[in-house]
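Close look at the chain arrangement
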Number of protein chains: 4
Amino acid sequence: MKIEDLNLEIEKLGRCNVPSPMTKGQFVSDEDRVLYYATLKEAETCIDAGRSLPSFEMAGPREKIYFDPSKLKCGIITCGGICPGLNDVIRAIVLSLHYHYHVNTVFGFRYGYEGISPRHQHTPVELNPKIVADIHEKGGTILGSSRGPQDVSEMVDTLDGRRSLKIGVVGIPKTIDNDISFLDQSFGFETAVSAARPCIYAAHVEAKGARNGVGLVKLMGRESGFISAYAALATSDVNFCLVPEIPFTLERFLPALKEQLERSDHSVIVVAEGAGQDLLNRDSACDASGNLRFGDIGLFLRDEIKAYFQREGVELQLKYIDPSYVIRSVPANPKDSVFCLLLGHNAVHAGMAGRTNMVVGYWDSEYTHVPIPIAVSERKRIDPDGRLWSSVIESTGQPRDLTGSSDKG
Amino acid sequence: MKIEDLNLEIEKLGRCNVPSPMTKGQFVSDEDRVLYYATLKEAETCIDAGRSLPSFEMAGPREKIYFDPSKLKCGIITCGGICPGLNDVIRAIVLSLHYHYHVNTVFGFRYGYEGISPRHQHTPVELNPKIVADIHEKGGTILGSSRGPQDVSEMVDTLDGRRSLKIGVVGIPKTIDNDISFLDQSFGFETAVSAARPCIYAAHVEAKGARNGVGLVKLMGRESGFISAYAALATSDVNFCLVPEIPFTLERFLPALKEQLERSDHSVIVVAEGAGQDLLNRDSACDASGNLRFGDIGLFLRDEIKAYFQREGVELQLKYIDPSYVIRSVPANPKDSVFCLLLGHNAVHAGMAGRTNMVVGYWDSEYTHVPIPIAVSERKRIDPDGRLWSSVIESTGQPRDLTGSSDKG
Amino acid sequence: MKIEDLNLEIEKLGRCNVPSPMTKGQFVSDEDRVLYYATLKEAETCIDAGRSLPSFEMAGPREKIYFDPSKLKCGIITCGGICPGLNDVIRAIVLSLHYHYHVNTVFGFRYGYEGISPRHQHTPVELNPKIVADIHEKGGTILGSSRGPQDVSEMVDTLDGRRSLKIGVVGIPKTIDNDISFLDQSFGFETAVSAARPCIYAAHVEAKGARNGVGLVKLMGRESGFISAYAALATSDVNFCLVPEIPFTLERFLPALKEQLERSDHSVIVVAEGAGQDLLNRDSACDASGNLRFGDIGLFLRDEIKAYFQREGVELQLKYIDPSYVIRSVPANPKDSVFCLLLGHNAVHAGMAGRTNMVVGYWDSEYTHVPIPIAVSERKRIDPDGRLWSSVIESTGQPRDLTGSSDKG
Amino acid sequence: MKIEDLNLEIEKLGRCNVPSPMTKGQFVSDEDRVLYYATLKEAETCIDAGRSLPSFEMAGPREKIYFDPSKLKCGIITCGGICPGLNDVIRAIVLSLHYHYHVNTVFGFRYGYEGISPRHQHTPVELNPKIVADIHEKGGTILGSSRGPQDVSEMVDTLDGRRSLKIGVVGIPKTIDNDISFLDQSFGFETAVSAARPCIYAAHVEAKGARNGVGLVKLMGRESGFISAYAALATSDVNFCLVPEIPFTLERFLPALKEQLERSDHSVIVVAEGAGQDLLNRDSACDASGNLRFGDIGLFLRDEIKAYFQREGVELQLKYIDPSYVIRSVPANPKDSVFCLLLGHNAVHAGMAGRTNMVVGYWDSEYTHVPIPIAVSERKRIDPDGRLWSSVIESTGQPRDLTGSSDKG
């Protein structure tokens, strides 16, 4: 993806000529756009090169809409692992369709992609303001979800095939890991960091409660370690934070842990589930039987730490905590509740205005439209040379470089 | 242990002839005793047989004490796994010794029994009101703990050998499982049940979020399933509660699970860590390699459920949650804070009055003195024919009998 | 009320000859009774005098019941101020009637006593398992409540007059203040104490954050100060706890506050709403206009403290917190959830067995039947000479005697 | 203030020629600047006019610093009302000075501005990593605070006068109301919105629990209603949200409330403390006695609502909740903890680099330097025509216009 592609127009189903039933005066115009660059240097380089500044289409209600509310049918689907705020989003969409646009037919497809697959025969559920009234007080998704192939065009084909209607597809990126580019933050992320804090406290209490106590916490984060990094910053008790973006070797990490343990008698380690995957691969290469147990960096580290300290003749008490399900199933915190509400409203506004093949984003405190191909073109990851990771290093006190063999540094 | 033994006197170090520095008028006399029986029938049987009613010595400050506060040295030790309220208890003892009795020398031994073992050379920490001021706001124990042999007489010998002083030993039973006989409740138990609730909610959210979703939660409870039973009652979402006291067979449990899943599309199972140990033994008998993995009923059930449904050709989504460390490391809830405060005060009162070889109990809303041999003579367990277990059966809807082979009922 | 009256039989509507649909073997017999006395001395005095030991009828399911479930109609009513656990109780009653006894007609009367008054014309709502499924997750009462005259016999007359049926009335005492005699504890009390803790923390934070900071918190407790006493014990930051049972004078309290403030720079005061009513009366005697503002001990103390320190020339920062509505509206904590569940079940069992004019109690860890005249005969109050109040005095450090004029002590 | 003024340089004490002890490679250069404009239109207008894009200096560690850490003395002061996160900020500053820059002398001034006033004689407290280790777990400020004149130049004069040293003053804006311009958000704001949610729930529970129940909650917000607006969005139960930026009249509001109450039987009203000040002034004009009671919009509304409904002959149950102290005294939530940590670090970086007369800001996900005169030049307020307020209107369902006399629409 080139940054200039941001300036491409969002795909539209057709011309908007239905007047919006929303109150006049609060509308966003198609000229309203949100700057991509946040720093002067980037903007000036662009200007100096004679290029137009890259920007996102701003989200919000339009004065003219594409669909006739009285004839429109809408469907909602939730896919992938559960994430705090899913029910808030469902609720916001239903309420906005109902009260802002007077759309009365809203369906919820059951169990993610299965719900629109001909193979399964799940009946969609009807959604209305009464049904969704209190759903945001519960975690998870009332529609259910499932993992598996989620090919947007196939989904559209399936629906289209049945009904031969023009269909707009508007997404709200659901990733608790906060790893979507062109989005300042994804919903549920903050709630997840909040819910991780008591688990790290628990690891700290356990670690302090035993001589040479070690608390090891595995958190979500397959490709990006944002949850682990923010949780480490939010909880000053973390001594090591291991994330997918920053490689480490056991030859360096284990002695560093030993040294830290000698200094302070206890240790707290936070590891993102996607960290150290190269180490697991190396081991699975050694062990041709394809032992599933080694697919899990948490269990792998637990065993490697125990084995190393046993070799070193040091008794230690390691407590391993894997709280992912407990974290991701909590209801949204108030900040995420508001965020989900406005993401849901803006998704409805975009859909009513005939936008399609896009997701609602959030950038520089503004809600935006992001084409799906751009949103998925690259994953957002922690910059090893950026301020966030430096702050984690400063806060944990861990060595900046945990790679190489043991004779190093 | 015979019930009549309750009436035996609590062991005393000697005659109490030091006047208590506490305020006059609030003292408990040695004639104050708490009835063991709560029901009329038991009491009348006893009276009709001409036996005296069994009773506990009542705890509380005595008018005359045994130790001279100005010469006394006290030590505190915390043993075994951590439990909510340990720091509350430590704090209550220090404050009571300091403010009620003006005892100025209080030590804390580090890491449980290790702290008074000559093999380890941990220096005891000094404890005073300033040091313990806020410790109750944190989980765990500031002294650290350890598992291992905890022979009271050896402990006394060790201390005695060094100092040739009269030593009184007063305990406060620490068991998050609430499995001490002659104690209505042990501290930390209620906090643990409270902390288990969000974990069961998480299991429920996960289970509802997937087609044929199953949430499996393992809770503490080696010999007694009180935490699991109360957590099940406190959270109406539990479909099966499995505890050590009530045996079950896979041949009956798995089909019952399947049937329940067919009715309601999702299932929540709570299992105490000590449940179904006979099943594990059977398996470990089959597998002579002593596979540690099978020591864990949670992982065992997870694998057996998955295997069974695969054999049955039913897709299911099982999420396994093992939240023990997160539960036991939380600070005491307000109820347990008060309970720990008063247990700690009463332990100090007992010790100052020269009682030894006893623990502080709680019975019929009164604090009591219980001889250690009686307290440990038998474990408190759920009565399979009692009202508590009936309430669990009624609340979960699970079959009362989950034993036998599959052809049964 | 004489203690012997406890042994009187609970009023019954008639002979029980309908077989209970509940599972055999878990039944309570009419001979099962719970001892009133908890201490040996009381029991022995009674035995020596040749009197039978006073006891309560034990609650629980009976083998034979009075009502035919297929013809029975039940109504639920919630009266007075809201209290944590009301929805848990409603839910438990509906579920027990439905699943234990197959009673299908259950009504909820709206807004307390108004709901069965001919003056108001509220339509009762139908209650069934689906409607009550999740109500326990919310505070308050789904039925609504109201204050006002709640004469049981008038209620029965009203219902009876309309329908000329035999009507049993079984209550569950609802008092957040925990002030019912013959009940170890009332539901919602523990949740209230828990919810009070953050408010006292807030008062402490505010007090510490200012020079001569004073945090003044008013808590519930009209006749009995149990919430204030337990909240003070649960939160070691309280310096003064004022309750209705222990009189105090401004002439003694204000100088004691000044002295404490001089020692520690900040102060936290917890006052039960019913404390110091004689002071308010004295003032209202002075001020014949019946100034409503002086009906409130919290506002009264706030103003008196400010005025006193101004007279004394001491600057102080007083923050007044009145969190009653925030406390009483929270959902029940897990302990109270279980308690409400079992209270509800036992109320249903009692009602089905034809008991009437009684409430369900809890005594010595057993659920009991208590005749309404006995339950309301006297209020449970803190004993100024008992261990609870001594513990409060010890924990706060406040002078035991805060009465008299200033020249004293 | 003109937007162009943003481009003015931040005031500096002198030339930076001391090498930073921080790790190389993570430094921010003085050319790093953060764009003020977030939308394309604004940027293009500026470019078209030939003006340079307004921008903020970016915060962060500099390669060369101004102060010699070995000779530097630092002081921290907390002023005004308490706010979640103050202790996090104090802690972050102390840790950064100590570990990043090896500055060993850090003082904390007591009770805000009083602490550096010659009139009061508070001794500053020494701050070091051990003292601040756990302070972020408590609300409030360990230094204490006070209100009163906070003239930066006078503060500098006082310190300067004593010591004739170059003094840099770097602030971190503390306003729970989130009302600072040129700051996307102020610390503690999100925590406050979170802490407001249970209070609004309480109001809702109370309102639903009574016939014609009204829950009225007063929240913080003197000049700006952000807390009320976000709390209303975070809690779908709010029916009216009244903020300082949007005027209303009783003639319109009270009938609108009555109408809404007729529709749904209960009502929840959130009012910011600064809302409707013109109504209070009008009344105080009427009532020349300067009745203090009318300085409080919450009490004023409570009384006006009661009086209106009495005149209308409608019984209603109004519960008034004023939770400000309970909200502002909670510890920071995890998001605010991280935010405070990084604000604190960046304040230290700015100070070490010789910046003065500035505050640390946060803009477009970047930390910035903002000159104090600009930061205080105008208050950030809710735009009555913007999306935020529209969302509030849509979420509450309240009429957009609540002004005018009653005969209007």
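Residues numbered from 1 in each chain as written. Chains lettered and ligands numbered in written order. Predicted model: local features only at pLDDT ≥ 70, side-chain atom pairs only at ≥ 80, totals over all residues.

Description of the relation of the copies chain B and chain C
We apply this condition: A least-squares superposition brings the copies together, and it is based on the C-alpha atoms of residues with pLDDT no lower than 70 in both. C-beta atoms are first placed from the backbone for all residues, and any pair lying within 7 Å is then listed as a contact.
The transformation that overlays chain B on chain C combines an axial shift of 0.0 Å with a rotation of 180°, and the residual RMSD is 0.0 Å. The superposition operator between the copies reduces to a two-fold rotation axis. In terms of proximity to the rotation axis, the leading residue of chain B is Asp364(B), whose C-alpha is 2.3 Å off the axis. Interface residue correspondence from chain B to chain C reaches 100%, placing this contact among same-surface, isologous pairings.

Brief notes about the arrangement of the chains
Between chain A and chain C there is no contact, and the shortest C-alpha to C-alpha distance separating them is 9 Å. The smallest C-alpha distance separating chain B from chain D is 9 Å, and no contact links them.

What about the sheet that holds strand β5 (residues 73-76) of chain B?
All names here are of chain B. Inclusion rule: Strand pairing is assigned whenever DSSP identifies at least 2 bridges connecting the two strands. Every helix listed is a DSSP run of H or I at least four residues long, and every strand listed is a run of E at least two residues long, numbered separately from the N terminus.
The mixed open sheet is built from 3 strands, whose spatial order is β5-β6-β7. Each edge of the open sheet is held by one strand with a lone partner, namely β5 and β7 (125-126). Pairing of β5 with strand β6 (residues 105-108), which is carried by 4 bridges, proceeds in the parallel orientation. The partner of Cys74 across the bridge, within β6, is Val106.

Details of the domain arrangement of chain A
Residue and element names in this part refer to chain A. Just so we agree on the cut-off: Domain segmentation is taken from an automatic or database assignment of domains. Residues are grouped as follows: Ala, Val, Leu, Ile, Met, Phe, Trp, Tyr, Cys and Pro are nonpolar; Asp, Glu, Lys and Arg are charged; every other residue, Gly included, is polar.
Under the domain assignment used here, chain A contains domain 1 (40-186 + 333-375) and domain 2 (195-329 + 385-396). Between domain 1 and domain 2, the C-alpha centre-to-centre distance is 35 Å. Listed as interface residues are 10 residues of domain 1 and, on the opposing side, 9 residues of domain 2. Grouping the constituent residues of the side of domain 1 that touches domain 2 by class yields 4 nonpolar, 4 polar and 2 charged.

Here's the deal with the interface of chain B and chain C
Each partner contributes to the interface: chain B provides 45 residues, whereas chain C provides 45 residues. Sorting the residues of the side of chain B that touches chain C by element identifies β2 (33-35), α1 (40-48), α5 (189-208), α6 (226-234), α11 (334-352) and α13 (387-396) of chain B as the ones contributing at least two each. The class makeup of the residues in the side of chain B that touches chain C is 16 nonpolar, 15 polar and 14 charged.

Brief notes about the interface of chain A and chain D
Interface size is commonly expressed as the accessible surface area that is lost when the partners come together. In this assembly, 44 residues from chain A lie in contact with 45 residues from chain D. Listing elements by their share of the side of chain A that touches chain D, those giving two or more residues are β2 (33-35), α1 (40-48), α5 (189-208), α6 (226-234), α11 (334-352) and α13 (387-396) of chain A. With 7 residues, α11(A) is the largest single contributor of residues to the side of chain A that touches chain D. Grouping the amino acids of the side of chain A that touches chain D by side-chain chemistry returns 16 nonpolar, 14 polar and 14 charged.

Observations concerning unusual backbone geometry
As a reminder, the rule being used: Whether a residue is buried, exposed or partly exposed is read from the other C-beta atoms within 10 Å of its own C-beta, which are placed from the backbone; 20 or more gives buried, 12 or fewer gives exposed, and intermediate counts give partly exposed.
One non-glycine residue with positive phi stands out, namely Asn178(B), at about 60°. Inspection of the secondary structure puts Asn178(B) in the loop between β8 (170-171) and α5. Positive phi outside glycine occurs at Tyr111(C), with the angle close to 55°. Checked against the element boundaries, Tyr111(C) lands in the loop between β6 (105-108) and β7 (125-126). Overall, Tyr111(C) belongs to the buried group, with 24 C-beta atoms counted inside 10 Å.

Section: the relation of the copies chain A and chain D
Rotating chain A by 180° about the axis while translating it 0.0 Å along that axis superimposes it on chain D, leaving an RMSD of 0.0 Å. A share of 100% of interface residues in chain A that are also interface residues in chain D marks the association as one of identical surfaces.

Quick look at the packing of helix α7 (residues 250-264) of chain C against helix α9 (residues 297-312) of chain C
Residue and element names in this part refer to chain C. Note the following rule: Axes here mean lines fitted to C-alpha atoms, for a helix over just the part in contact, with angles spanning 0 to 180 degrees between N-to-C directions. Oblique is the label for any angle not under 35 degrees, not over 145, and not in the 65 to 115 range, which are roughly parallel, roughly antiparallel and roughly perpendicular in turn. Helix crossings are classified by the rotation of the near helix relative to the far one: an anticlockwise turn of less than a right angle makes the crossing left-handed, while a clockwise turn makes it right-handed.
Contact pair α7 / α9: the axes reach a minimum separation of 11 Å and the direction vectors enclose 65°. By the angle class used here, α7 and α9 are roughly perpendicular. The chirality of how α7 crosses α9 is right-handed. Taken together, the residues of α9 that come into contact with α7 (itself represented by Leu250, Leu254, Leu257 and Lys258) are Glu304, Ile305, Tyr308 and Glu312. Of the residues assigned to the contact of α7 with α9, the class counts are 5 nonpolar, no polar and 3 charged.

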